[in-house]
Amino acid sequence: MDILETEVSYEETIKGSRFLSELIVCQSQAQARELIKAQKTKYSDATHVCHAFITGNGGEVMGMSDDGEPSGTAGRPILDVLKGRGCTNVMLTVTRWFGGTLLGTGGLVKAYSGGAKGVIAKANEINAFVPLIEKRGFSFSVDYSSHKLVKKLMENYTLYNVTEAFDTSVTLSGEIAVSDFESFSSMLLEQSNGKIKL
């Protein structure tokens, strides 16, 4: 399962109608509601802002909307393309400015799924997707005399969002891949003669 790292957009014109497809990082159903509201405000002159989203570590939460297009012609095709990519924590919006020519239900399905496929292809080209790594938070304190050594040892691991707070001792906190947590914990315990506990 992959997650989106950077936002991507793709545009095409079909029989006078302009279709703008955008991939946006989205962590939850609540955030999806906020994002779609923001997109509709941003493109208030558009005819439709259709979307689909997938969130959750296993991609278990999904949603979609045709936003006034005939039922099943926009949201479902967009969601199918997203599901086919094997990604999560992402929203794909396709914004349409009507150009005067009706596309019919088949034409709409083709346009919306085509826009979704186009933006996914562009995202793949620029490596906008990265593997989802399940992370776990950590925090520990270390005295000033051991701080440099611990920092050096931490370089052996891929850590995320590391912060340091300096007080009577140094408190380090951040996130690490769940798969590395035990070995990181053991290494710190061992190197500090049992003083550092995560």
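What comes next is a walk through the structure. Note that the structure is a prediction, hence the values are computed from the model and not measured. (Residues numbered from 1 in each chain as written. Predicted model: local features only at pLDDT ≥ 70, side-chain atom pairs only at ≥ 80, totals over all residues. Heavy atoms only, no water.)

**So, the overall build of the protein chain**
Inference 1: Within the protein chain, the regular secondary structure consists of 5 helices and 11 strands.
Inference 2: Rg of the C-alpha trace for the protein chain: 23 Å, well past the compact-globule value of 16 Å for 198 residues, more than 25% over.
Inference 3: Across its three principal axes, the protein chain shows a C-alpha extent of roughly 75 × 30 × 25 Å.
Inference 4: Taken over 198 residues, the protein chain has a buried fraction of 42%.
Inference 5: Within the protein chain, residue pairs in contact and separated by at least 24 positions form 67% of the contacts whose partners lie at least 6 positions apart.
Inference 6: As presented, the protein chain carries roughly 10500 Å² of accessible surface, and 50% of it is formed by carbon and sulfur atoms. (Helix = DSSP H or I, 4+ residues; strand = E, 2+ residues; numbered from the N terminus. Rg over C-alpha atoms; globule rule 2.2 N^0.38 Å. Buried < 20%, exposed > 50% of the residue type's maximum accessible area, 1.4 Å probe, protein only. Contact = heavy atoms within 4.5 Å. Areas by Shrake-Rupley, 256 points an atom, 1.4 Å probe, with all protein chains shown as cover.)

**Focus on the sheet that holds strand S3 (residues 17-25)**
The strands that make up a sheet pair up through hydrogen bonds in the backbone, lying either parallel or antiparallel.
Inference 1: Pairing in this open sheet of 5 strands is antiparallel, and the strands run S2-S3-S7-S4-S5 from one edge to the other. What marks the edges here is a single partner per strand, and that holds for strand S2 (8-14) and strand S5 (61-65). When strand polarity is set aside, the average angle formed by the axes of neighbouring strands in this sheet is 10 degrees.
Inference 2: Here 8 bridges tie S3 to strand S7 (residues 90-97), and the two strands are oriented antiparallel to one another. Bridging across to S7, Ser21 finds its partner in Val94.
Inference 3: Contacting S3, strand S4 (48-55), S5 and S7, helix H2 (residues 75-85) runs over the sheet at an angle of about 35 degrees to S4. (Pairing = 2+ DSSP bridges. Axes fitted to C-alpha atoms, helices over the stretch in contact; angles between N-to-C directions.)

**Structural notes on the pairing of S7**
Inference 1: Most of S7 is tucked away: 8 of the 8 residues are buried.
Inference 2: Side chains Val90, Leu92, Val94 and Arg96 project from S7 onto one buried face, and the interleaved Met91, Thr93, Thr95 and Trp97 project onto a second face that is buried too.

**Looking at the layout of surface pockets**
To locate leftover empty space, one rolls a probe as large as a water molecule over the atoms.
Inference 1: Each pocket or cavity is described by its volume, and for the largest pocket that value is around 190 Å³.
Inference 2: Looking at side-chain class alone, the lining of the largest pocket contains 6 nonpolar, 3 polar and 3 charged residues.
Inference 3: Going through the elements one at a time, strand S9 (135-142), helix H4 (144-154) and helix H5 (178-191) are the ones with two or more residues in the lining of the second largest pocket.
Inference 4: At 4 residues, the largest contribution of residues to the lining of the second largest pocket is made by H4.
Inference 5: Among the residues making up the lining of the second largest pocket, the classes are represented as 6 nonpolar, 5 polar and 2 charged. (1 Å grid on protein atoms, 1.4 Å probe; cavity = no way out; pocket = protein on both sides within 12 Å on 5 of 7 lines; lining within 4 Å. Points joined across faces, edges and corners; volume = space filled by probe spheres on them. Nonpolar A, V, L, I, M, F, W, Y, C, P; charged D, E, K, R; others polar.)

**Considering the sheet that holds strand S11 (residues 170-177)**
Inference 1: Spatially, the 3 strands line up as an open sheet ordered S9-S11-S10, and their pairing is antiparallel. At either margin of the open sheet sits one strand with a lone partner, and together these are S9 and strand S10 (159-166). Recorded for the sheet is a direction-independent mean angle of 15 degrees between the axes of neighbouring strands.
Inference 2: Across the sheet, H5 touches S9, S10 and S11, and the angle it forms with S9 is around 15 degrees.

**A word on unusual backbone geometry**
Inference 1: Phi at Asp67 takes a positive value of approximately 45 degrees, unusual for a residue other than glycine.
Inference 2: Positive phi outside glycine occurs at Asn193, with the angle close to 55 degrees.
Inference 3: You can see Asn193 is positioned in the segment after H5.
Inference 4: Accessibility expressed as a relative area gives 70% for Asn193, which makes it exposed.

**Considerations on the pattern of salt bridges**
Opposite charge on two side chains makes pairing possible when the charged atoms of those side chains draw close.
Inference 1: Scanning the model with the defined rule gives 7 salt bridges in all.
Inference 2: Between Asp2 and Arg85 there is a salt bridge, with its nearest N and O atoms 3.0 Å apart. Within this pair, whereas Asp2 is found in strand S1 (residues 2-4), its partner Arg85 is found in helix H2, the two being separated by 83 residues in sequence.
Inference 3: Lys152 serves as the salt-bridge partner of Glu155, at 3.3 Å between the closest nitrogen and oxygen.
Inference 4: Overall, Glu155 belongs to the exposed group, its relative accessible area being 58%.
Inference 5: Assessed through its relative accessible area of 55%, Lys152 is described here as exposed. (Salt bridge = Lys/Arg side-chain N within 4 Å of Asp/Glu carboxyl O.)

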